[in-house]
Protein chains: 2
Amino acid sequence: MLRLALAQVDPTVGDIAGNVAMVVQWSRRAADAGAQLVAFPELMLTGYPVEDLVFRESFVAASRAAVQQLAADLAAGGLGELPVIVGYLDADGPARTSADATRTRGPRNALALLHRGRVVARYFKHHLPNYGVFDEDRYFVPGDTLLVARIGGVDVALTICEDMWQAGGPFTVAGQAGVGLVININGSPYELNKDDVRLPLVRRRAAEAGAAVAYVNMVGGQDELVFDGDSMVVGADGQVLSRAPQFVEHLMVLDVDLPAGADQPPAVDSHEMAVSRVHVSDAGAAPAGPPAPGVVAPRLRAEEEVWRALVLGLRDYVRKNGFKSVVIALSGGIDSTVVAAIAVDALGASSVVGVSMPSQHSSEHSKRDAADLARRTGLDFRTEPIQPMVDAFLANMSLSGLAVENLQARVRGVILMALSNQEGHLVLTTGNKSELAVGYSTLYGDSVGGFNPLKDVPKTMVWQLARWRNAAARQRGEQPPIPESTISKAPSAELRPGQLDTDTLPEYEVLDPLLAEYVDGDASREGLIRAGHDPAVVDKVLRMVDLAEYKRRQSAPGPKISIKAFGRDRRLPITNRFRES
Amino acid sequence: MLRLALAQVDPTVGDIAGNVAMVVQWSRRAADAGAQLVAFPELMLTGYPVEDLVFRESFVAASRAAVQQLAADLAAGGLGELPVIVGYLDADGPARTSADATRTRGPRNALALLHRGRVVARYFKHHLPNYGVFDEDRYFVPGDTLLVARIGGVDVALTICEDMWQAGGPFTVAGQAGVGLVININGSPYELNKDDVRLPLVRRRAAEAGAAVAYVNMVGGQDELVFDGDSMVVGADGQVLSRAPQFVEHLMVLDVDLPAGADQPPAVDSHEMAVSRVHVSDAGAAPAGPPAPGVVAPRLRAEEEVWRALVLGLRDYVRKNGFKSVVIALSGGIDSTVVAAIAVDALGASSVVGVSMPSQHSSEHSKRDAADLARRTGLDFRTEPIQPMVDAFLANMSLSGLAVENLQARVRGVILMALSNQEGHLVLTTGNKSELAVGYSTLYGDSVGGFNPLKDVPKTMVWQLARWRNAAARQRGEQPPIPESTISKAPSAELRPGQLDTDTLPEYEVLDPLLAEYVDGDASREGLIRAGHDPAVVDKVLRMVDLAEYKRRQSAPGPKISIKAFGRDRRLPITNRFRES
């Protein structure tokens, strides 16, 4: 039996000293719980993803020095006997510069096994993802040697993230090597229902390796990614032995029955990977203290999962970038209201400033709903009427139509940025994914802001989230944060008299499924019409999406929650004359 | 002897029908000149790069249909006898979706050889670039078979772009196959002095293949890339036989003495690539009409090369996105003045609107210089004083310091966007690379705009360009467009009384070399100090660069002219606590 610890923690990109300290602290917790090994996530010491920092020799050197320092710190802290598995950035050969590009690819997405003050062994990630948000062929040289460590008498294969997502390679070779356990350390970003994909995958790999699999993932927000944790241990037979809660730091400690390594481990004959074996420790006494049984965290429902991803993504962006507070334009509409509720959950009401900026076109219910939200949540509420500023522009320029509509949104943007400059708040912008897709927003107007919690949330899901959040409050006996009339009223930008979103767009119940198929699914016009969408609507919406690329290119970052988020996940040219026909 | 034609043309991304028509038109010109084969650039039929359009099945299908249509159109137009070599997007197996990512990688960066109404043979790019601005591992499956076509009795190997930039593979195999000529079709973006890199490379590959090399590159702007052409033919001995002028469409027609293919071509034994041979035509009569000797275009000096890249990049962005005119805020400073001069060269004075937006801090010389620029160039000049609007904000909000400075820049941004909305101009923004690097700009203020010609131009180079452009005008007996006092005065943002850039930044002569080493060269703090930079300046500048990432993320696109441009060429996290120390 082995007592495993998986440290589902939240490192910060570039804060190498802080991340080292975090490993020491959580290793102590693991040792105190009697663990016989502890594993940390992928690129734990640098944070993940570090992108082109990989090309900076000084950054690679800092990571390499940190892993040595960590080994020494652990030993100095009396933790030398605990095998610690940790991801970091290494280089093999001269560090690669971007100029010589593919020629000398030095950097490695690496894993170190630390024991008794030393780096006992290293492993380099074998499968490099280069799709979706990932560009790892740009950064790393793949490793070609599987590391198998005997720890507490058990043969443990050590792997990194994508090694598990592709068939062949490390897990297959681990099976041939006769290991009892495969540890897989991850920086695996959240997507809605991704936990439904991960578990079957872990099971399949456990079957391929004929071994238990321990999957540890980081948690936290990094720019447009949110890591949800979801760490787990699955037996060789596919049974879930333990599964961590999502979106929180968590130390999973678990006793697992594992077969002892053979005296003569099988030789492996793979053309794909060599095997390197290292001996750490033989089977010893049973772990001290009370037993550590598995705990399987309950599955969150979709709305709660997304809500918690957005809260964590916002909180970490604010915290890791050194902000103390945020400011949000409160229109009384559903988007800004939901963003305010997320911000209050993430940061506390005292760190959230809401500004109502009514114009002559603002309805009474809008102003009332914004104030009601403020009362319900306790956020810092201000009112800045925009008409005097709008009038100053209108008096000095000759504007009409759309130019006047956009002017109002831009005056609001200027006010928000002035408050940000004057008081130091991060400006949150609130355009949802549906709006971003069709370009239904004013560039440098309502799009102003440093972070957008709803960037990847379709409008219909914004409403779902609002209803779920209110219901959750009622269930806890708290006041629902979101005014009911905000949820029930027809959406409007209120930039001209009587304006409704449906003047310009189809109903969101029609629009959102179409966008999911076109944007996330790369469907063709023909395919959309075959799927039952109205051809006229298809033509109109596709054209809007295609022509709005220039606005998205200047949009604020926001957390990815879908299979394909705007940003590095979907890379389209602005200049593009292709029209589906 | 073979009469080659290389068509250095400017396709448009997504305009498949237009690109097909362009191939027919230029093939006719080649045939009229007696050419015995004509080659077009990489991904000619779709434009390049098409990015995630590759994942759209309908797009791949349109490209596949277009190449068949093109073959038929050529034959129908009486051009069937002329072998035409053209790049297009193909797929081998089921088209890949982004969801199944690396699993079924169908799409191919392909080349077709067209003859007598048919696609006679295809070749798939072997080396895929995945560094700098390139993500081709994301998009394409590499080919593993070299195509050798006997044309006019000569064995010709057909290759694509990166195939030439990496040693091994196609050129080596072509040498083993005993070819007389290697054709390399390109979408190779411009960088300053890249022509100095290309020629030695072409020569090295000619030596490796023991054959002449014909290099054809596209020309034109596509979002942040400019293709400069620079097509050339180099003999097996490394001699430059012909070289096209940069930045213009050009048909190079050239008679080349080439060895006839052997009756029994050598067998090739390469573990890397197979060889596929196709017979098009035996040696025939000498080409009709007058001989086509080589012409080597004179080398441009650096300033002219950059100027022409910026003019072409802007002209194509405007034209291909359907704009008719641009609007620029004219401060009288060097950046906006140079942008205006570029815009006038690109679009003509009647398509350029310049707006002077003086405030109480605007100097008399600024207003005078802006008006002088307008007189010199003939652009459409307006004046919109900002004080009334600024005063409206100040009367209604309690602002001080930086907030008041930024407010002025943002009011100007609102005015520009209102003019854009009202009159349909594309807004040009004018922040140079040095400003962008250190974040010396107001987000949603002077950064407002859809395109930025100076995005990749350091401030010291902006002055160089101005001096060169004036000198070039004088040489042609024209009035220099740029007022001398704009070039000679100390730069200032004029957002507070007496403000100078040097209040905040080191002298640009100090700043720019430091930025080139840190941003373009990934130098460390230690390396910069070792190179002689003042440690205090290094610390200050590096911190400014690191903290400005969030602004760059929302900045307008602009043409890449350096080895590393901000944008997809340099991918850094916003959330990043790493500080060089």
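Residue indices begin from 1 for each chain and proceed along its sequence in written order. Here every chain gets a letter starting at A, and every ligand a number starting at 1, in the order they are written. Side-chain atom pairs in this predicted model are given and counted only at pLDDT of 80 or more, local residue features only at pLDDT of at least 70, and totals for whole chains, interfaces and linings cover all residues. In computing side-chain values, all of the structure's heavy atoms are included and hydrogens and water are not.

I'm lost on empty space enclosed by the protein in this one. Help?
A pocket, in this scheme, is an open set of points on a 1 Å grid over the protein atoms alone with protein on both sides within 12 Å along at least 5 of 7 lines, while a cavity is a set where a 1.4 Å probe fits but cannot get out; residues line either one if an atom lies within 4 Å of a point. Grid points are joined across faces, edges and corners, and a volume is the space filled by probe spheres set on the points. Within the structure shown, the criterion is met by 13 cavities of 30 Å³ or more. If you add up the space inside the largest cavity, you get close to 1,100 Å³. The numbering of helices and of strands both runs from the N terminus, where a helix is a DSSP run of H or I of at least 4 residues and a strand a run of E of at least 2. Put simply, the parts of the chain that give the lining of the largest cavity at least two residues each are helix H18 (549–553) of chain A together with helix H18 (549–553) of chain B. Here the lining of the largest cavity is built from residues that sort into 16 nonpolar, 8 polar and 26 charged. Three classes are used: nonpolar for Ala, Val, Leu, Ile, Met, Phe, Trp, Tyr, Cys and Pro, charged for Asp, Glu, Lys and Arg, and polar for all others, with Gly counted as polar.

What exactly am I supposed to notice about the packing of helix H1 (residues 16–32) of chain B against helix H2 (residues 57–76) of chain B here?
Residues and elements named next belong to chain B. Simply put, an axis is a line fit to the C-alpha atoms, just over the touching stretch for a helix, and the angle between two N-to-C directions goes from 0 to 180 degrees. The geometry of H1 relative to H2 is characterised by a closest axis approach of 10 Å and an angle of 25° between their N-to-C directions. Between H1 and H2, the crossing angle belongs to the class labelled roughly parallel. In this structure, H1 crosses over H2, and the sense of that crossing is right-handed. Counted together, Ile16, Val20, Val23, Val24 and Ser27 of H1 and Phe59, Ala62, Ser63, Ala66, Leu70, Asp73 and Leu74 of H2 form the full contact between these two elements. Its residues assigned to classes, the contact of H1 with H2 shows 9 nonpolar, 2 polar and 1 charged. These descriptions rest on fixed angle ranges, namely under 35 degrees for roughly parallel, over 145 for roughly antiparallel, 65 to 115 for roughly perpendicular, and the rest for oblique. Throughout, a crossing is termed right-handed when the near helix is turned clockwise from the far one, and left-handed when it is turned anticlockwise from it by less than a right angle. In what follows, residue pairs with any heavy atoms lying within 4.5 Å of each other are defined as contacts.

Just to check I follow, could you spell out the relation of the copies chain A and chain B for this structure?
Relating one copy of the chain to the other requires a rotation about an axis plus a shift along that axis. Our superposition of the copies is a least-squares fit, built on the C-alpha atoms of residues whose pLDDT is at least 70 in both. If you rotate chain A by 180° and push it 0.0 Å along the axis, it lands on chain B with an RMSD of 0.0 Å. When the rotation and shift are considered jointly, the pair of chain copies conforms to a two-fold rotation axis. Minimal C-alpha distance to the rotation axis in chain A is attained by Gln554(A), lying at 2.1 Å. When you check the interface residues of chain A against chain B, 100% turn up at the interface there too, and the contact is symmetric in its surfaces.

Explanation requested: the sheet that holds strand E7 (residues 154–160) of chain B in the structure shown.
Hydrogen bonds between backbone groups are what pair the strands of a sheet, and the pairing can be parallel or antiparallel. Residues and elements named next belong to chain B. When DSSP finds at least two bridges between two strands, those strands are taken to pair. In space, the 7 strands of this open sheet follow the order E13-E12-E9-E8-E7-E6-E15, with mixed pairing throughout. Two strands bound the open sheet, and with one partner strand each, they are strand E13 (240–243) and strand E15 (274–279). Each neighbouring strand pair of the sheet contributes to a mean axis angle of 20°, computed without reference to strand direction. Across 6 bridges, strand E6 (residues 145–151) lies against E15 in parallel orientation. What sits directly across from alanine 149, in E15, is valine 278. Across the face of the sheet, helix H6 (residues 194–209) comes into contact with strand E8 (181–186), strand E9 (212–217), strand E12 (232–234) and E13 while running at roughly 40° to E12.

Just checking my understanding: could you explain the interface of chain A and chain B for this structure?
Note on interface size: it is often stated as the accessible area lost on association of the parts. Counting residues at the interface gives 90 residues for chain A and 91 residues for chain B. Note on terms: buried area is the combined drop in 1.4 Å-probe accessible area of two parts once they are placed together, counting the loss on both. When the two sides are added together, the surface that chain A and chain B hide from each other amounts to roughly 7,600 Å², 53% of it contributed by carbon and sulfur. Looking only at chain A, the three residues that lose the most surface to chain B are Arg56(A), Thr575(A) and Arg577(A), adding up to 10% of its buried area. For this analysis, a salt bridge means a side-chain nitrogen from Lys or Arg found within 4 Å of a carboxyl oxygen belonging to Asp or Glu. Inspection of the region where chain A meets chain B yields 6 salt bridges. A salt bridge links Asp15(B) to Arg577(A); its shortest N-O distance comes to 3.5 Å. For the side of chain A that touches chain B, the elements supplying multiple residues, two or more each, are helix H2 (57–76), helix H3 (136–139), helix H4 (162–165), helix H7 (302–320), helix H10 (387–396), helix H11 (402–423) and H18 of chain A. The element best represented in the side of chain A that touches chain B is H11(A), accounting for 13 residues. Considering only residue class, the side of chain A that touches chain B consists of 41 nonpolar, 23 polar and 26 charged.

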